[in-house]
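Coordinate inspection notes
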Amino acid sequence: MQTLNTLSTPEEKLAALCKKYAELLEEHRNSQKQMKLLQKKQSQLVQEKDHLRGEHSKAVLARSKLESLCRELQRHNRSLKEEGVQRAREEEEKRKEVTSHFQVTLNDIQLQMEQHNERNSKLRQENMELAERLKKLIEQYELREEHIDKVFKHKDLQQQLVDAKLQQAQEMLKEAEERHQREKDFLLKEAVESQRMCELMKQQETHLKQQLALYTEKFEEFQNTLSKSSEVFTTFKQEMEKMTKKIKKLEKETTMYRSRWESSNKALLEMAEEKTLRDKELEGLQVKIQRLEKLCRALQTERNDLNKRVQDLSAGGWGHLPDSSPEQRPGAATASQEQIGEEPGPQAPSSPRATEGLSCPEAPNTEASGQSGPQEPTSTTA
């Protein structure tokens, strides 16, 4: 309005308004174009934002799954550690109880020996010797128990290894189940027998523990009856010798079962090697069969060509064929040789026989049969 007031005539004012209006129109059009470009960029940014949100949600889900798996693994590891600690504590408590029990019994023996020092000086020495011997026997028995526990753990590990090997063998020998089913059943029976023997060994262990409890009771009776100490000691020694014999038998049985498992594993490996060799032999036989099929096809085609030519010779006459037959037959022979890809063995003598058939027109049938003779021995029946 200030610029319009400066102008004097209305025409000048209208011209100024028109110029201003044209400038505003151009600015409006430019702003609309920019608006459209910005809208396109905004739509692209929204699409990228949605895509990024989807990827972010997937990453969050994967992260949550991984965190849950890690927590489960931590819980499992903690539970395993706690179980191991509990087992170790239980074993230590058992050992402490056994040692405390024997220490209490030894303390009682010492008290009784102190009470009867004046009366039984000779018996005191004998009882001390017996106590030392009993300590040695107890230590030996504890060592044997530890050895038996180690043997059982070793057997459990061997069973786990054997189970894993059997699973691998079953996966590898699914294709040859029909051939090796008997051997597999035999191995499974041996595995069942070994498990049974392990159970029997565990039962024997419990039985030995019961015998140990009985021996402790007998030891208490021995305290009450010192006069019969020599007889009880001899009986105890005999029973301990029996125990040693039983433990030796168990060790022998463990070695026998270990050797059986090793032999079964060797048999499985040999079966796998035999399978690979048979597969290789089958591949070689298949290649040979393909080559023989190619040879048979080439020979059949050549035989058919020769039969057709013989029929033409017998039906059409001999005047117009002598020039064409010796040139065509070597070509057929070379074509068959090219199909077979080997040296022509029995097909080479076809050309001289053809020339002989052309030279003697009185016996065309015999020479035709002679041409098809070395190629196939059953041409006469055909």
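Computed from a predicted structure; not experimentally measured. (Residues numbered from 1 in each chain as written. Predicted model: local features only at pLDDT ≥ 70, side-chain atom pairs only at ≥ 80, totals over all residues. Heavy atoms only, no water.)

Details of the overall build of the chain
Looking only at helices and strands, one finds 8 helices and 0 strands in the chain. Going from the N terminus to the C terminus, the chain shows its helices and strands as α-α-α-α-α-α-α-α. Looking at the 382 residues of the chain, the share that counts as buried comes to 19%. (Helix = DSSP H or I, 4+ residues; strand = E, 2+ residues; numbered from the N terminus. Buried < 20%, exposed > 50% of the residue type's maximum accessible area, 1.4 Å probe, protein only.)

Considerations on the nonpolar core
Soluble globular proteins tend to bury their nonpolar side chains together. Within the largest apolar cluster, 11 residues are counted, these being L106, I109, A131, L134, Y141, L208, Y215, F219, F236, M240 and M243. Going through the elements one at a time, helix 2 (10–115), helix 3 (121–172), helix 4 (181–224) and helix 5 (229–316) are the ones with two or more residues in this core. What M240 contacts, discounting residues up to four positions off in sequence, is L137 and R144. In this structure, V162, L173, W261 and M271 belong to the second largest nonpolar core, which totals 9 residues. (Core = buried A, V, L, I, M, F, W, Y, C linked by side-chain atoms within 4.5 Å. Contact = heavy atoms within 4.5 Å.)

Some thoughts on a negative patch on the surface
A surface patch of negative charge is lined by E90, E91, E92, E93, E97 and D149. Among the elements that take part in the negative patch, helix 2 stands out by supplying 5 residues, more than any other. Along the chain, E92 falls in helix 2. By relative accessible area, which is 45% here, E92 ends up partly exposed. (Patch = residues over 30% accessible without salt bridge, like charges linked within 9 Å, V, L, I, M, F, W, Y side chains within 5 Å. Areas by Shrake-Rupley, 256 points an atom, 1.4 Å probe, with all protein chains shown as cover. Salt bridge = Lys/Arg side-chain N within 4 Å of Asp/Glu carboxyl O. Lys, Arg positive; Asp, Glu negative; His and termini not counted. Charge placed at Lys NZ, Arg CZ, Asp CG, Glu CD.)

Here we look at the side chain of K155
In this fold, K155 is placed in helix 3. The buried charged residue K155 lacks any salt bridge, with E253 as its nearest oppositely charged partner at 6.3 Å. Aside from chain neighbours lying at most four places away, what touches K155 is C198, M201 and T254.

What about a positive patch on the surface?
A cluster of basic residues, K242, K245, K246, K248, K249 and K252, forms a positive patch on the protein surface. Inspection of the secondary structure puts K242 in helix 5. Given a relative accessible area of 55%, K242 falls into the exposed group.

With respect to the pattern of salt bridges
Scanning the entire structure with this criterion turns up 2 salt bridges. A salt bridge links R63 to E67, with the nearest nitrogen and oxygen atoms 3.4 Å apart. Here R63 and its partner E67 are both found in helix 2, 4 residues apart, which amounts to about one turn of the helix. Assessed through its relative accessible area of 57%, R63 is described here as exposed. Owing to a relative accessible area of 35%, E67 belongs among the partly exposed residues under this scheme.

Re the confidence of the model for the chain
Per-chain confidence: the chain averages 77 in pLDDT, with 78% of residues scoring 70 or above. Here residues 319–382 is a poorly scored stretch, pLDDT under 50, and it has 52 contacts once near neighbours within four places are set aside; other chains count. (pLDDT = per-residue confidence, 0-100.)

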